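# Tertiary structure, described
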Amino acid sequence: HLLHRIGVPYFNTVGYFDRTLREVPLLLRACTEAEAANLTRFVFETLSQLQRWHDREVYAKECATQPGFSISFTDPDADRIDYARFKRVVHHWHKFLSRTSKESLACQEYLRVRNTLTLLIGVVDVFPRDLDFALALHEEVKVLRHGKREDLKVIALRYFTQLTQRIEQLREQAATAAASKSRSSSVSKVKASSERLSSDRSSPSDRHSSSSSSSSSSAS
């Protein structure tokens with residue numbers, strides 16, 4: 001984050017996040033439980049930073065002009081990644097982590113499953129941020145609650161409870177966003193309608209003035 005903030009040339013922030021997040025599933029396969037806990041803290045900070053930049057105003061202030069958001073890895077003076085494209089990239093990363101986490105939970109490797117649950121519990125406040133991804137993970141962890149290993153069942157139940165709460169939050173956010181969009185659309189329609197009525201309804205004095213001007217022009 002420091003390298004990004006001070007604008008180090010040729011340090012591509014987007015490339016760093018992409019490479020880092022793509023390595024997470026592979027690292028989880030080889031981690032001990034203690035290493036998985038440390039990796040979880042790192043991933044949480046990483047996703048928290050991306051969530052902070054997901055705000056348009058913050059993105060404009062901290063990212064829009066930085067060389068780390070150049071569209072070229074080799075040219076820091078190239079055009080920057082715009083906000084809409086950044087949101088699509090973040091969505092893609094979350095989709096990747098959701099898919100790989102789901103695959104890990106469904107596998108038969110004890111340590112991989114345990115490490116994945118450790119990670120998911122540690123980042124539940126920032127991941128997943130998409131309701132569909134959350135529901136997919138919810139279905140997978142539901143199966144783990146009835147597995148053979150008691151320790152995994154306990155951890156799975158803990159994550160299942162947290163994820164259920166997360167899903168409710170995401171549903172509330174989606175409902176709020178939809179209501180806000182609907183209100184904005186209604187206001188825009190009312191404003192446009194009012195402007196059309198105003199233009200159609202000219203005042204009597206305006207019509208008289210316009211008629212007088214036309215008469216004068218004809219007389220001339």
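Note that the coordinates shown come from a computational prediction; the quantities given were computed from them, not determined experimentally.

About the thresholds
- Residues numbered from 1 in each chain as written.
- Predicted model: local features only at pLDDT ≥ 70, side-chain atom pairs only at ≥ 80, totals over all residues.
- Heavy atoms only, no water.
- Salt bridge = Lys/Arg side-chain N within 4 Å of Asp/Glu carboxyl O.
- Helix = DSSP H or I, 4+ residues; strand = E, 2+ residues; numbered from the N terminus.
- Buried < 20%, exposed > 50% of the residue type's maximum accessible area, 1.4 Å probe, protein only.
- Contact = heavy atoms within 4.5 Å.
- 1 Å grid on protein atoms, 1.4 Å probe; cavity = no way out; pocket = protein on both sides within 12 Å on 5 of 7 lines; lining within 4 Å.
- Points joined across faces, edges and corners; volume = space filled by probe spheres on them.
- Axes fitted to C-alpha atoms, helices over the stretch in contact; angles between N-to-C directions.
- Left-handed = near helix turned anticlockwise from the far one by under 90°.
- Nonpolar A, V, L, I, M, F, W, Y, C, P; charged D, E, K, R; others polar.
- Parallel < 35°, antiparallel > 145°, perpendicular 65-115°, else oblique.
- Phe/Tyr/Trp six-rings, centres within 6.5 Å; stacked < 30°, edge-to-face > 60°.

It is worth spelling out the pattern of salt bridges at this point. For the coordinates displayed, the defined rule picks out twelve salt bridges. Linking Arg19 and Glu23 is a salt bridge whose minimum nitrogen-to-oxygen distance equals 3.2 Å. One end of the pair is Arg19 and the other is Glu23, both in helix α2 (residues 13-30) and four residues apart, which spans about a single turn. Here Arg19 falls in the exposed class, since its relative accessible area comes to 57%. Residue Glu23 is classed as partly exposed on the basis of its relative accessible area, which comes to 29%. Where Asp151 meets Arg114, a salt bridge forms, and the shortest distance between an N and an O atom there is 3.5 Å.

On to the environment of Leu39. Within the secondary structure, Leu39 is located in helix α3 (residues 33-53). Leu39 gets classed as buried once you look at its relative accessible area, which sits at 11%. Through-space distance from the C-alpha of Leu39 to that of Gly122 is 9.7 Å; in sequence the pair is 83 residues apart. Leave out the neighbours within four places in its chain, and Leu39 touches Val24, Leu27, Leu28 and Cys31.

By volume, the largest pocket amounts to about 330 Å³. Along its surface, the largest pocket is lined by 15 residues, and Cys107, Gln108, Leu144, Gly147 and Leu152 are the ones closest to its centre. Counting only elements with at least two residues in the lining of the largest pocket, the list comes to α5 (83-106), α6 (110-122), α7 (131-144) and α8 (150-200). For the lining of the largest pocket, the element with the highest residue contribution is α7, accounting for three residues.

It is worth spelling out the packing of α3 against α6 at this point. Contact geometry for α3 and α6: axes closest at 9 Å, N-to-C directions at 35 degrees. Considering how the two elements wind past one another, α3 and α6 form a crossing that is right-handed. Along its contact with α3, which presents Glu33, Ala36, Ala37, Thr40, Val43 and Phe44, the element α6 presents Tyr110, Leu111, Arg114, Asn115, Thr118, Leu119 and Gly122. Its residues placed into classes, the contact of α3 with α6 shows seven nonpolar, four polar and two charged.

The contact between α2 and α6 brings their axes to 8 Å, and the two run at 125 degrees. Our classification of the angle between α2 and α6 gives oblique. Relative to α6, α2 is oriented so that their crossing is right-handed. On α6, the residues touching Val24, Leu28 and Arg29 of α2 are Arg112, Asn115, Thr116 and Leu119. Looking at side-chain class alone, the contact of α2 with α6 contains three nonpolar, two polar and two charged residues.

Quick look at the packing of aromatic side chains now. Scanning the model with the defined rule gives nine aromatic pairs in all. Here the aromatic rings of Phe17 and Trp53 are separated by 5.8 Å at their centres, their planes lie at 80 degrees, and the arrangement is edge-to-face. Here Trp53 lies in helix α3 and Phe17 lies in helix α2, a separation of 36 residues in the sequence. Like Trp53, Phe17 is buried. By the ring-pair criterion, three or more aromatic residues cluster together here, those being Phe11, Tyr16, Phe17, Trp53, Tyr59, Phe69, Tyr83, Phe86 and Trp93.

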